[in-house]
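Coordinates in review
Letter by letter, the chains look like this.
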Amino acid sequence: MTAPVAYPWEAPATGPAAALSARLAADLPRLETARLVLRAPRIGDFDTYADILMSDRAKHMDGPFDRQAAWLDFSQYVAGWLLRGAGIWAIEDRAGGQVLGFVSIGMEFGDREHELGYLLTEAAEGRGLATEAAEAARDFALGPQALPSLVSYVDPDNAASARVAERLCAQRDLQAEAGFDEPVLVFRHLPGDEDGGMEAYA
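Residues numbered from 1 in each chain as written. Predicted model: local features only at pLDDT ≥ 70, side-chain atom pairs only at ≥ 80, totals over all residues. Heavy atoms only, no water.

1. Re the overall build of the protein chain
So the rule is basically this: Helix and strand definitions follow DSSP, with helices as H or I runs of at least four residues and strands as E runs of at least two, each counted in order from the N terminus. We take the radius of gyration over the C-alpha atoms and set the globule estimate at 2.2 Å times the residue count to the 0.38 power. Whether a residue is buried, partly exposed or exposed follows from its accessible area with a 1.4 Å probe, protein chains only, as a fraction of its type maximum: under 20%, in between, or over 50%, in that order. Whether two residues are in contact is decided by their heavy atoms, any of which lying within 4.5 Å being enough. The Shrake-Rupley method, run with a 1.4 Å probe sphere, supplies the accessible areas, and residue values consider only the shown protein chains as cover. Here Asp and Glu are counted as negative and Lys and Arg as positive; His is not counted, and neither are the chain ends. To locate a charge, take atom NZ for lysine, CZ for arginine, CG for aspartate or CD for glutamate.
A count of helices and strands for the protein chain gives six helices and eight strands. A globule of 202 residues ought to have a C-alpha radius of gyration of about 17 Å, and the protein chain, at 17 Å, matches this closely. Referenced to the eigenvectors of the C-alpha coordinate spread, the extents of the protein chain come out at roughly 50 × 35 × 35 Å. Expressed as a percentage of its 202 residues, the buried residues of the protein chain come to 44%. Within the protein chain, counting contacts between residues at least 6 apart in sequence, those at least 24 apart form 62% of the total. Accessible surface, the protein chain: about 11200 Å² in total, of which carbon and sulfur atoms supply 53%. Taking the average location of the 17 positive side-chain charges in the protein chain and that of its 32 negative ones, the two points are 3 Å from each other.

Here it is as structure tokens:
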């Protein structure tokens, strides 16, 4: 038997509302790489999202967050699909189905361009999975989605995130960085190869 969720707003929908939710999710792009599936977020993924944002892993995002702030952040990125045609994917292990983290094409309040972001669980680190997922999301955003631009905003102290952007051959945009009141690294992403490392768009 499945244990009840802690809060009613985190409970999955039922009845016709659940059917509508499933139909909307089925319309979101599903991307596959050699090791990963990037799929529509589910309400059950929030526990993993909250675990990341409520830990020191979110320190470069003005975290750790409390659960309410994590919920609002998760909801904002999920809503991006409806409002802007771009949002968050859950990163799933292609072999075992575990949720390993999240990758997003988002535009938060205050953003000037669409941002490519990536969050992994601690257990998923060190295997190049953030780069693999971000490459697939980048190629979709700049290819089929035809977004006019794509950046990653990186805290200057977040060396791991900067390395992911560098592995994607993103270029520092010093002019964009100068326009911020606080220090931030702005990495500008350019379209990848034709193949882009992805095996499927859906």
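There is more to say, and it comes next.
2. A short note on helix H4 (residues 129-142)
This is how it is decided: To estimate the expected span of a helix, count its residues, drop one, and scale the result by 1.5 Å.
Given a rise of 1.5 Å per residue, 14 residues ought to cover 20 Å, and the 20 Å separating the end C-alpha atoms of H4 matches this to within 8%. For H4, a buried count of 13 out of 14 residues is recorded, marking the element as mostly surrounded by other parts of the structure.

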